[in-house]
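Understanding the architecture of this molecule
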Amino acid sequence: MKTPFVTRDQLEAIAAQYPTPFHIYDEAGIRENARRLRQAFSWNPGYREYFAVKATPTPAILKILKEEGCGCDCSSLAELTMAQRCGVTGENIMFSSNNTPAEEFQMAHQLGAIINLDDLTLVDYLAQSIGTVPETICCRYNPGGVFTLAQTREGFQVMDNPGDAKYGMTRPQIAQAFTRLAELGAKHFGIHAFLASNTLSNDYYPALARILFQLAVELHAETGVHISFINLSGGIGVPYRPDQTPNDIAVIGEGVRRAYEEILVPAGMDDVALYTELGRFMLAPYGHLVTRVTHEKHIYKEYIGVDACACNLMRPAMYGAYHHITVMGKETAPCDHKYDVVGGLCENNDKFAVDRMLPKIDVGDLLVIHDTGAHGHAMGYNYNGKLRSAELLLKTDGSVELIRRAETLEDYFATVVW
Ligand SMILES: *Cc1c(COP(=O)(O)O)cnc(C)c1O
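Remember, it's a predicted structure, so these values are computed and weren't measured experimentally.

Here the domain parsing of the protein chain yields domain 1 (8-23 + 286-413) and domain 2 (27-284). The distance between the C-alpha centroids of domain 1 and domain 2 comes to 32 Å. Each partner contributes residues to the interface: domain 1 has 20 residues there, and domain 2 has 25 residues. Of the roughly 1,800 Å² buried between domain 1 and domain 2 on both sides combined, carbon and sulfur atoms contribute 58%. Ranking the residues of domain 1 by area buried against domain 2 places Tyr-286, Tyr-322 and His-375 at the top, with a combined share of 36%. Counting across the domain 1 and domain 2 interface gives zero salt bridges. Our count for the domain 1 to domain 2 interface comes out at 14 residue pairs in polar contact (both at pLDDT 80 or more). Contributing elements (two or more residues each) for the side of domain 1 that touches domain 2: strand 18 (390-394) and strand 19 (400-404). If one sorts the elements of the side of domain 1 that touches domain 2 by residue count, strand 18 sits on top with three residues.

Put into structure tokens, the structure is as follows:
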């Protein structure tokens, strides 16, 4: 069972001031989760989370996470600019991008960000773009093949397919990159890899850590460089479905600690800092898309029309992703009606739910669509001339703050040359 972090009465009061649809975020939940993460890795003195800005590129959110000790993981000019304007600079920025234009390397370098190189060819491209290589540098590794976890709570599981992913360097390339970077003056090296997305297993990070720790020991021996950090990147998932078991971040932190003790410490590499670049895990559960039922339609199926659409939340339309829905005020009513919950786009995949069993819904009901705090508003778009919604923050004191206003028609037409 998933419980919204707001009640119907609260939402009706909020909706009287800020019309639906809107995204709302739970400050208390975000802070508590960030503290649990920090605690789980507190055994590693250099540990830092770089929040993946692309998941929720909203300054008020970045500032909350900054207060909780997080930096920013950026991958574009706009994300770098947003981090800078939130007061996040220097080594509190990780710049993990691919197919990177020179001006983005230049800005990242000006800000003093840690640059994470996605490819061997980018070593010389970076040197040309900024006239030097930074003393601290990171390279992204792609082991190829298929990444599997031998045993998880769900049994044997193929997690993802790095051999099919465009990111990172091969094993020989990353050694070559380190050697070349050292020739060009780099002194402090990092290794990064992202092998699986939205994992619901306490074993993913420890398995990834073992691969990267082993690689660090080998690269240190082969190239002589000093490895100062290992970036476990993103990929820790959240239970979108109510019957799924959430990850236990304390267990994950402990699993990574054991790998560290077994692989890095005996190799004399006990000064390696660990970094993470989580996005979904940091925000997804702490955001709701709130929408009102505007129409019902009875044809070959039962349709519930709402005032949000895929432009507000693309994941169901794009990946068939499940997002749980709570009909506010009917939390305990039996789920004895089968509905498709749909937006108004001229696109038949504009459906938040298909054949979903829900309580009887009436026009005027408020729906909470769960787990929209990451890759929700962020993936918004303007198809069919739909305007992007407001974002609100439910603060720890219970008050509500507008942190991004809804778009207006003037915004929509602002770039047109008439
Ligand atoms: C998207 C992304 C992340 C965050 O991934 P989540 O699955 O949201 O944790 C981290 N690092 C990089 C380079 C990414 O592209």
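Let's shift gears to the pattern of salt bridges. Inspection of every chain in the model, using the stated rule, returns 24 salt bridges. Of the charged contacts, one joins Arg-257 and Glu-261 as a salt bridge, the two residues approaching to 3.8 Å between their closest N and O atoms. On the criterion of helical spacing, the pair formed by Arg-257 and Glu-261 is a turn pair, its members being four residues apart in helix 9 (residues 249-264). Judged by relative accessible area, Arg-257 falls into the partly exposed class, the value being 25%.

Once that is clear, we can look at the packing of aromatic side chains. Enumeration according to the criterion identifies 14 aromatic pairs in this entry. Each ring, one from Phe-41 and one from Tyr-47, has its centre 4.8 Å from the other, and the planes form 15°; the classification is stacked. By relative accessible area, which is 1% here, Phe-41 ends up buried. Geometrically, the ring pair formed by Tyr-204 and Tyr-205 is tilted, given 6.0 Å between the ring centres and 40° between the ring planes. Residue classification places Tyr-204 among the buried residues on the basis of a relative accessible area of 0%. Judged by its relative accessible area of 1%, Tyr-205 is buried. Three or more aromatic residues joined by ring pairs make a cluster, and in this case those are Phe-41, Trp-43, Tyr-47, Phe-147, Tyr-204, Tyr-205, Phe-213 and Tyr-260. If you follow Arg-315 out to its NZ or CZ, it ends over the ring of Tyr-240, 4.4 Å from the centre.

Moving on: the environment of Leu-117. Summarising the element assignment, Leu-117 is placed in strand 5 (residues 114-117). Judged by its relative accessible area of 0%, Leu-117 is buried. Each C-alpha atom of the pair Leu-117 and Leu-289 lies 35 Å from the other, and the pair is 172 residues apart in sequence. Excluding residues that lie within four positions of it along the chain, Leu-117 makes contacts with Phe-105, Leu-122, Val-123, Leu-126, Ile-137, Cys-138, Cys-139, Arg-140, Met-169 and Leu-181.

Looking now at the nonpolar core. Leu-117, Ile-191, Tyr-205, Phe-213, Ile-230 and Met-282 are the most contacted members of the largest nonpolar core, which totals 91 residues. Setting aside residues up to four positions removed in sequence, Met-282 forms contacts with Asn-33, Ala-34, Leu-37, Glu-49, Phe-51, Leu-65 and Cys-70. Val-306, Leu-313, Val-327 and Ile-361 belong to the second largest nonpolar core, which has 16 residues in total.

For helix 1 (residues 8-17), the full list of buried residues reads Leu-11, Ile-14 and Ala-15. In a view along the axis of helix 1, the buried residues occupy a sector of 100°, so they form one face of it. Along helix 1, exposed side chains directed more than 90 degrees from the buried face belong to Asp-9, Ala-13, Ala-16 and Gln-17. Structurally, helix 1 contributes buried residues whose contacts are with strand 1 (22-26), strand 12 (287-298), strand 17 (366-369), strand 18 and strand 19.

Residues in close proximity to the ligand total 13 residues, the closest being Lys-54, Gly-235, Glu-277, Gly-279 and Arg-280. Contacts to the ligand include Glu-277, whose side-chain N or O atom sits 2.6 Å from a nitrogen atom. The separation between an oxygen atom of the ligand and a polar main-chain atom of Gly-279 is 3.0 Å. Tallied by class, residues from the shell around the ligand come to three nonpolar, five polar and five charged.

The rules behind each value
Residues numbered from 1 in each chain as written. Predicted model: local features only at pLDDT ≥ 70, side-chain atom pairs only at ≥ 80, totals over all residues. Heavy atoms only, no water. Domains from an automatic or database assignment. Contact = heavy atoms within 4.5 Å. Buried area = accessible area lost by both parts, 1.4 Å probe. Salt bridge = Lys/Arg side-chain N within 4 Å of Asp/Glu carboxyl O. Polar contact = N/O pair within 3.5 Å; in protein donor to acceptor, adjacent residues only side chain to side chain. Helix = DSSP H or I, 4+ residues; strand = E, 2+ residues; numbered from the N terminus. Buried < 20%, exposed > 50% of the residue type's maximum accessible area, 1.4 Å probe, protein only. Phe/Tyr/Trp six-rings, centres within 6.5 Å; stacked < 30°, edge-to-face > 60°. Lys NZ or Arg CZ within 6 Å of the ring centre and 35° of its normal. Core = buried A, V, L, I, M, F, W, Y, C linked by side-chain atoms within 4.5 Å. Arc of directions from axis to C-beta. Near = heavy atom within 4 Å. Nonpolar A, V, L, I, M, F, W, Y, C, P; charged D, E, K, R; others polar.

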